[in-house]
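Listed below, chain by chain, are the residues.
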Amino acid sequence: MSDKKNEDYTVRMPDSAYGEKDPFIPPRPARAASHHNSVASKLAKIENNPTVSILAYCLSSISMTIVNKYVVSGSEWNLNFFYLAVQSIVCIVTIEACKQLGLIKNLAPFDINKGKRWFPISLLLVGMIYTGTKSLQYLSVPVYTIFKNLTTIVIAYGEVLWFGGSVTPLALLSFGLMVLSSVVAAWADTRSASQTAEAAAALATLNAGYAWMGLNVFCTASYLLSMRKVIKNMNFKDWDTMFYNNFLTIPVLLICSLLVEDWSSANLTKNFPPESRNALFVGMVYSGMAAIFISYCSAWCIRVTSPTTYSMVGALNKLPIAVSGLIFFSAPVTIGSVSAIFIGFVSGIVYAWAKVRQSQVAKNSLPMTQPTMSASSQSNRDAANS
């Protein structure tokens, strides 16, 4: 995506402000030109500031997780397909608006043949995002974030089987820490639930969350591995992946919502109570736009820093996401939960460092057979693992 971000805030000034100067007209246009140059200079500084790009990426990722948890955390919530359809519709509308405004310059028109070839990938995406929202509905944000790390293990060994990848000893160490953090998180969560007044109901909720989380891990790995296998043959550019994913999932999600979910007025009132209805609608709209924010900020961060820095930021970002769940949703703060978060945080750093070292070794060896992913595809992977 970095090939087009330089064009987003370009302010082109004319070669000369005016031809002949009228002595009776004060030279105010020169001040206006100076003002425009000052604004362009400030925007350029912000656009090329590594710290701002890192903060933007972290905030977009954290905010999306928090908003998703807020929308689906209602005790009567059962419209997940509808929620995901709204996300996709908002995303498509935003992409088209940005295209009309000239902010997105390399989005090709929809191709039916490409759509047919990409549709199976979109079905896998539906499975991934649906199981993700269901697991987030039943689990706390810290536990959800910790268990998401297990997806990395499945993807790594999927790459070994499908693409001839390799797992280094340092990566194995990180995998062991990921499994340990998940075990500690599950133990702490189960112990906290068993001490509540309604222990049986709390444990049943956790078990449902773990079941959905297990499905989400395999759905996410299947989607990302399949996307990697197909995308290099589709000649997709940065925004094409996001556009096709969201556009093709809209009819699937709407049909599933109409067939499976309860659209009675009573159920709608339960899902959208009057006291929080407006906030829920705002959250649903924002969640659709957040996918674009993450894609933009991911490419921005890669462009002004480096892939190595971006990988480390992605690993470090797990900690504030987990902590935000403790702050905003009053998740139990125990020695076990804090230990699980810390171990998961360390495992992310170790894994990022393992990938950095592996990429350095690959650069020093020929030939390089590792296929690259576009910034948009990488951001989809990050969103799936955040």
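About the cut-offs
Residues numbered from 1 in each chain as written. Predicted model: local features only at pLDDT ≥ 70, side-chain atom pairs only at ≥ 80, totals over all residues. Heavy atoms only, no water. Helix = DSSP H or I, 4+ residues; strand = E, 2+ residues; numbered from the N terminus. Buried < 20%, exposed > 50% of the residue type's maximum accessible area, 1.4 Å probe, protein only. Contact = heavy atoms within 4.5 Å. Areas by Shrake-Rupley, 256 points an atom, 1.4 Å probe, with all protein chains shown as cover. Core = buried A, V, L, I, M, F, W, Y, C linked by side-chain atoms within 4.5 Å. Disulfide = S-S within 2.5 Å. Salt bridge = Lys/Arg side-chain N within 4 Å of Asp/Glu carboxyl O. Axes fitted to C-alpha atoms, helices over the stretch in contact; angles between N-to-C directions. Parallel < 35°, antiparallel > 145°, perpendicular 65-115°, else oblique. Left-handed = near helix turned anticlockwise from the far one by under 90°. Phe/Tyr/Trp six-rings, centres within 6.5 Å; stacked < 30°, edge-to-face > 60°. Polar contact = N/O pair within 3.5 Å; in protein donor to acceptor, adjacent residues only side chain to side chain. Nonpolar A, V, L, I, M, F, W, Y, C, P; charged D, E, K, R; others polar. Patch = residues over 30% accessible without salt bridge, like charges linked within 9 Å, V, L, I, M, F, W, Y side chains within 5 Å. Expected span 1.5 Å × (residues − 1). Bend = angle between axes of the 7 residues up to and from the residue. pLDDT = per-residue confidence, 0-100.

K.L.:
Would you explain the overall build of the protein chain in this entry?
P.N.:
Each helix and strand in the protein chain was counted, giving 15 helices and 0 strands. Burial analysis of the protein chain (386 residues in total) assigns 46% to the buried set. For the protein chain, the share of sequence-separated contacts (at least 6 apart) that also reach a separation of at least 24 residues comes to 87%. For the protein chain, the exposed area adds up to about 19,700 Å²; of that, 65% sits on carbon and sulfur atoms.

K.L.:
I keep staring at the nonpolar core and nothing clicks. Help me out?
P.N.:
Within soluble globular proteins, side chains that are nonpolar generally end up buried alongside one another. Of all hydrophobic cores here, the largest spans 26 residues; its most connected members are Ile95, Trp118 and Tyr223. Among the elements of the structure, helix H4 (80–100), helix H5 (112–138), helix H8 (199–234) and helix H9 (238–260) are those that each provide at least two residues to this core. Looking at this core, the element that brings in the most residues is H8, giving 7 residues. If we ignore the near neighbours within four places in the chain, the residues touching Ile95 are Ile104, Leu107, Met242, Phe243 and Ile292. Residues Ile146, Phe147, Ile321 and Ile341 belong to the second largest nonpolar core, which totals 23 residues.

K.L.:
Explain the state of the cysteines here, please?
P.N.:
Each disulfide consists of a covalent bond between the sulfur atoms of two cysteine residues. Counted under the stated rule, the structure contains 0 disulfides. Free of any disulfide, Cys301 has its nearest neighbouring cysteine sulfur in Cys58, separated by 7.6 Å.

K.L.:
Sorry if this is basic, but what is going on with the pattern of salt bridges here?
P.N.:
Should the charged atoms of two oppositely charged side chains come close, the side chains can pair. Scanning the entire structure with this criterion turns up 1 salt bridge. One salt bridge in this structure joins Glu159 and Arg228, with 2.9 Å as the shortest N-O distance. In this pair, Glu159 sits in helix H6 (residues 141–163) while Arg228 sits in helix H8, placing the two residues 69 residues apart along the sequence. Comparing Glu159 with Arg228 shows no difference in burial state: the two are buried.

K.L.:
Can you walk me through the packing of helix H3 (residues 50–72) against helix H13 (residues 318–328) in this structure?
P.N.:
Helix-helix packing is described using two parameters, namely the angle between the two axes and the distance between the axes. In contact at an axis separation of 10 Å, H3 and H13 are set at 40° when each is read in the N-to-C sense. Accordingly, the angle class assigned to the pair H3 and H13 is oblique. As H3 packs across H13, the resulting crossing turns out to be right-handed. Along the contact surface, H3 presents Ser61, Ile62, Thr65 and Ile66, while H13 presents Pro320, Ile321, Ser324, Gly325 and Phe328.

K.L.:
Got a minute to help me understand the packing of aromatic side chains in this structure?
P.N.:
To describe a pair of aromatic rings, you give the distance between the ring centres and the angle between the ring planes. Summed over the entire model, instances satisfying the criterion amount to 16 aromatic pairs. Centroid distance Phe82 to Phe272: 6.4 Å. Interplanar angle 90°. Geometry classified as edge-to-face. With Phe82 in helix H4 and Phe272 in the loop between helix H10 (265–271) and helix H11 (277–304), this pair connects stretches of sequence that are 190 residues apart. Accessibility classification places Phe82 together with Phe272 in one group, the buried group. Look at Tyr130 and Trp212: their rings are 5.8 Å apart centre to centre, the planes differ by 80°, and that puts the pair in the edge-to-face class. With Tyr130 in helix H5 and Trp212 in helix H8, this pair connects stretches of sequence that are 82 residues apart.

K.L.:
Please clarify how the side chain of Ser88 should be interpreted in this entry.
P.N.:
Here Ser88 is to be found in helix H4. At 3.2 Å, the side chain of Ser88 forms a polar contact with the side chain of Thr249.

K.L.:
Would you mind showing me how to read the packing of H3 against H11 here?
P.N.:
Closest axis-to-axis distance for the H3/H11 pair is 8 Å, and the angle between their directions is 150°. It follows that H3 is roughly antiparallel to H11 by the angle criterion. You can see that H3 and H11 cross each other, and the crossing is left-handed. Residue composition of the contact of H3 with H11, by class: 21 nonpolar, 8 polar and no charged.

K.L.:
Honestly, a nonpolar patch on the surface in this entry has me stumped. Any pointers?
P.N.:
Where nonpolar side chains cluster on the molecular surface, the patch consists of Ile89, Val93 and Leu254 and spans about 230 Å² of accessible area. Within the secondary structure, Val93 is located in helix H4.

K.L.:
Help me out: how do you make sense of H8 in this one?
P.N.:
Counting along an α-helix, one turn takes 3.6 residues, and residues three or four places apart therefore face a common direction. In a regular helix each residue adds 1.5 Å, so 36 residues correspond to 52 Å; H8 covers 51 Å between its end C-alpha atoms and thus fits that length. Of all bends in H8, the biggest is about 30°, found at Arg228. Immediately downstream of H8, the backbone of Asn235 shows phi near 60°, a positive value.

K.L.:
Can you help me understand the confidence of the model for the protein chain in this one?
P.N.:
Close inspection of predicted coordinates is inappropriate in any region flagged by low pLDDT. Looking at the protein chain, the pLDDT average stands at 80 and 83% of residues meet or exceed 70. The low-confidence segment residues 367–379 (pLDDT under 50) makes 24 contacts with residues lying over four places distant or belonging to another chain.

K.L.:
What am I meant to see in H13 here?
P.N.:
When we look at burial in H13, the residues that qualify are Lys318, Ile321, Ala322, Ser324, Gly325 and Leu326. Following H13 by one or two positions, Ser330 adopts a phi angle in the positive range, close to 55°.

K.L.:
Mind showing me how you'd approach the side chain of Ser60 here?
P.N.:
Relative to the elements of secondary structure, Ser60 occurs in helix H3. When its relative accessible area of 5% is taken as the criterion, Ser60 is described as buried. If we skip the residues at most four places from it in the chain, Ser60 touches Phe293, Ile294 and Cys297.

K.L.:
Looking at this structure, how should I read the environment of Gly115?
P.N.:
Inspection of the secondary structure puts Gly115 in helix H5. Between the alpha carbons of Gly115 and Leu248 there is a distance of 7.4 Å; along the sequence they are 133 residues apart. In this structure, Gly115 is in contact with Phe110, Tyr244 and Leu248, ignoring residues within four places of it in sequence.

K.L.:
Whenever I open this one, the environment of Ala279 confuses me. Can you help?
P.N.:
As for its position among the elements, Ala279 is in helix H11. Residue Ala279 is classed as partly exposed on the basis of its relative accessible area of 36%. As a C-alpha pair, Ala279 and Tyr70 span 209 residues in sequence and 9.6 Å in three-dimensional space.

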